[in-house]
Amino acid sequence: MDSMIGAVRPAAGAGRCQSCAGPLWQGDELTKLADRREFLARLSDALTVSAQSNHDGGERRVAVMMIDLDRFKAVNDGLGHPAGDALLRKVAARLRSALRETDMPARLGGDEFAVLLDKPVDECVVEAIATRLVDLISRPYMIDGSVANIGASIGIAFAAPGTGPDDLLGQADLALYKSKAEGRGRFAFFEPALQEAARARRALEFDLRAALALGQFELFYQPKIHLGENCLSGFEALIRWRHPLRGLVRPDDFIPMAEDLGLIIRIGEWVLRAACSEAVNWPEGLSVAVNVAPAQFYTGSLVPAVAAALAASGLPGPRLELEITETALLRNGPEVLRQLAALKALGVKIALDDFGTGYSSLTQLRSFPFDRVKIDRSFADDGVVVRAVAALGTSLGMCVTAEGVETAEQMRRLRQDGCTEAQGYHLSRPVPVPALPGIIRRHLEASNVEESNR
Amino acid sequence: MTGNPESYRLIYISRNALRGTAAELEAEVGHILVVSRRNNARDGITGALLFNESCFAQVLEGGSDVVQEVFERIQLDPRHCDTVVLAFGPAPREFGEWSMAYAGAMGADSAGYHHLAMPGGAEAASGHILDLLRGVLLRQGAA
């Protein structure tokens, strides 16, 4: 063990105290591994030596691993900080046990570790070490009589000629990000495409942060048809981002990021205000449906935002319908249900969206008197599911909407199968605001013709 | 030692990662025993080990800290994986004469890893393992 600690000390001359010639590095007090400063200095040395030996025709590749512990916070929160510290010490010991004497493990801070592999390594060797580390770190720990379980995600980067220490760490970080995105408990190698993806993501983030202030969001509206009366019942408001260079950006391409960045709260408020002030111009029988993000519940911002949007526009509560997904109910269900009740008190209708794709739990369907259940578009051709959900919804006193209706034949079957409402491309794509008066007029005229034919 | 309030007992099972013929497995487990007996005698640990094709089951007895240190050392061993701790708590020593009693390969009546690692079954499984070990040692004592 002593020799291993010796191996992590810098070569003679580098970073030594002037008076006693001892190493300047304090190391990480908790784990006795190298700390960030020492790691960076050693990495910098290794890259310099590597560049020289490559110049002399020798083959010496430096690799860096970034290691993040998965679920470490849960241990810290559950067993306390002293247990968290004990866990970090054990992780450090497991790291050392799996490495060669020439590899240098370090704790960069928090639950972030790194390894410098500075002897000739190829992908196979590094892969074997990374596999072993992921396995070892995710084995159970006994701490003060309690069992703790964590995992490890690892990102790996090899130094190319001319790569600096910061660049190399940045690349390993991108690989780490990838291994986390792919589900954690694994390792990933850096590849140049990750850099491009990260750059594109940063650019998108920059633009998205400005989009609200620059007024680049628009609402499109998709008609919803009442199947029994065969008339227009209202519209679902769908957000679009009109970017000056990217063009019209689809919600799938920016809503997840807006949720990550916490921008969804303010975007959600804007959607509510815009949809309500548009809907108040429509004939009285028509309602507007607005999608709500889970975060709007969790931050407690939804109820005040809805009340403000209704008050500002003068739209009566019953003409606004909020569409929530099952996911929103999963975390802190009781609090979400409390807010749903407050929304109902404002007269607002509540729909359970995308039913059938998530947990489709009957508990959730019964947990609240939803006004509507919307069957996910993926079931438009699945008569068995449609009939079952329609029967279930109807007997619970809910309206049943089928989404993703693309043909007249589907429309006919959905009506037969007991759905009360339909929306989809067969009826109309989502349209911008200027197209609304035309659609509304056509539907009014059609129903007038029907009336006079009776 | 029996009844010593300071004594703790840890019971775990893990998946056997060893590959080879029955004789090779026995030989490898023999190595494990030699090393663990030497270390355990030094650390004041007693206990028992049994294994079959699919799993290891081990009881460790001793001071709380020492037992946990030994467990950590065992965790680093690549010859097994998927460890599940079934019990840890104060308990009188049952294998006080053994630095690591070897109950050999589990008989046909012994449960496999899947059965022992069944969720919710930790208490039953640890009781079952203790019974198995007690039984084998009784038979060995009688022989």
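Bear in mind the structure is a predicted one, so any value in this text is a computation, not a measurement. (Residues numbered from 1 in each chain as written. Chains lettered and ligands numbered in written order. Predicted model: local features only at pLDDT ≥ 70, side-chain atom pairs only at ≥ 80, totals over all residues. Heavy atoms only, no water.)

**What about the packing of aromatic side chains?**
Residues and elements named next belong to chain A. For clarity, the cut-off: Here a pair means two rings of Phe, Tyr or Trp (six-membered ring of Trp) with centres within 6.5 Å. Their orientation is stacked below 30 degrees between planes, edge-to-face above 60, and tilted elsewhere. The numbering of helices and of strands both runs from the N terminus, where a helix is a DSSP run of H or I of at least 4 residues and a strand a run of E of at least 2. We call a residue buried when its accessible area falls under 20% of the maximum for its residue type, exposed when it is over 50%, and partly exposed in between, using a 1.4 Å probe and counting protein chains only. Charge-over-ring contacts are defined here by two conditions on Lys NZ or Arg CZ: a distance within 6 Å of the ring centre and an angle within 35 degrees of the ring normal.
Under the definition given, this model contains 14 aromatic pairs over all chains. For the ring pair phenylalanine 217 and tryptophan 270, a centre distance of 6.2 Å and an interplane angle of 45° mean the geometry is tilted. Of this pair, phenylalanine 217 sits in strand E8 (residues 217-226) while tryptophan 270 sits in helix H9 (residues 264-279), and the two are 53 residues apart along the sequence. Phenylalanine 217 sits in the buried class, given a relative accessible area of 4%. By relative accessible area, which is 22% here, tryptophan 270 ends up partly exposed. Through a chain of ring-to-ring contacts, three or more aromatic side chains come together here, namely Phe217, Trp241, Phe254 and Trp270. Between the NZ or CZ atom of arginine 429 and the centre of the ring of tyrosine 425, over which it lies, the distance is 4.2 Å.

**Describing the domain arrangement of chain A**
Here is the rule: Boundary definitions for the domains trace back to an automatic or database domain assignment.
Per the domain assignment, the segments making up chain A are domain 1 (2-191) and domain 2 (202-452). Taking only C-alpha atoms into account, the centre of domain 1 of chain A sits 48 Å from that of domain 2 of chain A.

**Digging into unusual backbone geometry**
Peptide bonds are mostly trans, and most non-glycine residues show a negative phi. Residues and elements named next belong to chain A. The phi dihedral of lysine 32 falls on the positive side, at around 65°, and the residue is not glycine. Tracing the sequence through the fold places lysine 32 in the loop between helix H1 (2-7) and helix H2 (36-55). The backbone phi angle of arginine 184 is positive, close to 60°, even though this residue is not glycine. Considering the arrangement of structural elements, one finds arginine 184 in the loop between helix H6 (165-181) and strand E7 (187-189).

**Points about the environment of alanine 188 of chain A**
What counts here: We call two residues in contact when some of their heavy atoms are within 4.5 Å.
Position of alanine 188 of chain A relative to the elements: it lies in strand E7. Beyond its immediate sequence surroundings of up to four residues, alanine 188 of chain A is in contact with Ile154, Gly155, Ile156, Ala175, Lys178 and Ser179 of chain A.

**Focus: the pattern of salt bridges**
It is possible for side chains of opposite charge to pair when their charged atoms get near one another. Residues and elements named next belong to chain B. Keep this limit in mind: Each reported salt bridge corresponds to a side-chain nitrogen of Lys or Arg within 4 Å of a carboxyl oxygen of Asp or Glu.
Here the structure, examined in full by the defined rule, presents 38 salt bridges over all chains. When the shortest N-O distance is used, the salt bridge between aspartate 77 and arginine 79 registers 2.7 Å. What makes aspartate 77 buried here is its relative accessible area of 19%. Judged by relative accessible area, arginine 79 falls into the partly exposed class, the value being 24%. Put simply, arginine 134 and aspartate 131 hold a salt bridge, and the shortest N to O gap is 2.9 Å. Highlighted residues: arginine 134 and aspartate 131, both in helix H4 (residues 122-142), separated by three residues, approximately one helical turn. The exposure class assigned to arginine 134 is partly exposed, which follows from its relative accessible area of 32%. Its relative accessible area of 48% is what places aspartate 131 among the partly exposed residues.

**Focus on helix H2 (residues 64-75) of chain B**
Residues spaced three or four apart along an α-helix point in a common direction, a consequence of the helix completing one turn every 3.6 residues. The condition that has to hold: A helix's residues, less one, multiplied by 1.5 Å, set its expected span.
Taking 1.5 Å of rise per residue, twelve residues should cover 16 Å, and H2 of chain B covers 17 Å from first to last C-alpha, within 8% of that figure. Taken together, the buried positions of H2 of chain B are Ser64, Val67, Gln68, Val70, Phe71, Glu72, Ile74 and Gln75 of chain B.

**As for the environment of arginine 273 of chain A**
Residues and elements named next belong to chain A. Its location among the elements puts arginine 273 in helix H9. By relative accessible area, arginine 273 is classed as partly exposed at 44%. With 39 residues separating them in the primary sequence, arginine 273 and alanine 312 have C-alpha atoms 7.7 Å apart.

**Let's talk about the interface of chain B and chain A**
Applied cut-off: Here's the idea: put two parts together, see how much 1.4 Å probe accessible area each one loses, and the total over both is what we call buried area. Each polar contact in these results corresponds to two N or O atoms within 3.5 Å; when the atoms are within protein, one needs to be able to donate a hydrogen and the other to accept it, and residues that are neighboring in sequence are counted only if both atoms are side-chain atoms.
Taken together, the 13 residues of chain B in the interface contact 13 residues of chain A. Taking both sides of the interface into account, the surface hidden between chain B and chain A amounts to around 1,100 Å²; carbon and sulfur atoms contribute 55%. The largest per-residue losses of area from chain B upon contact with chain A belong to Gln68, Glu72 and Leu76 of chain B, which jointly make up 47% of the total buried on that side. Summed over the shared surface of chain B and chain A, the number is one salt bridge. For arginine 94 of chain A, the salt bridge is made with glutamate 72 of chain B, and the minimal N-O distance between the two is 2.6 Å. Between chain B and chain A we count seven residue pairs in polar contact (both at pLDDT 80 or more) in total. Those elements giving two or more residues to the side of chain B that touches chain A turn out to be H2 and strand E4 (80-90) of chain B.

**Topic: the packing of helix H11 (residues 302-313) of chain A against helix H13 (residues 333-345) of chain A**
All names here are of chain A. Worth spelling out the cut-off: Axis definition: a line fitted to C-alpha atoms, limited for helices to the stretch in contact. Angles are taken between N-to-C directions and run from 0 to 180 degrees. Each angle is binned into one of four classes, with values under 35 degrees roughly parallel, values over 145 roughly antiparallel, values of 65 to 115 roughly perpendicular, and all other values oblique. Two helices that cross are described as forming a left-handed crossing if the nearer one is turned anticlockwise from the farther one by less than a right angle, and a right-handed crossing if clockwise. Polarity classes work like this: nonpolar for Ala, Val, Leu, Ile, Met, Phe, Trp, Tyr, Cys and Pro, charged for Asp, Glu, Lys and Arg, and polar for all others, with Gly in that last group.
The N-to-C vectors of H11 and H13 enclose an angle of 15°; their axes lie 10 Å apart at closest approach. Comparing their axes, H13 and H11 come out roughly parallel. At the point where H11 passes H13, the crossing takes the right-handed sense. Contacts between H11 and H13 involve Leu302, Val303 and Val306 from the former and Gln339, Ala342 and Leu343 from the latter. Residues of the contact of H11 with H13, tallied by class, amount to five nonpolar, one polar and no charged.

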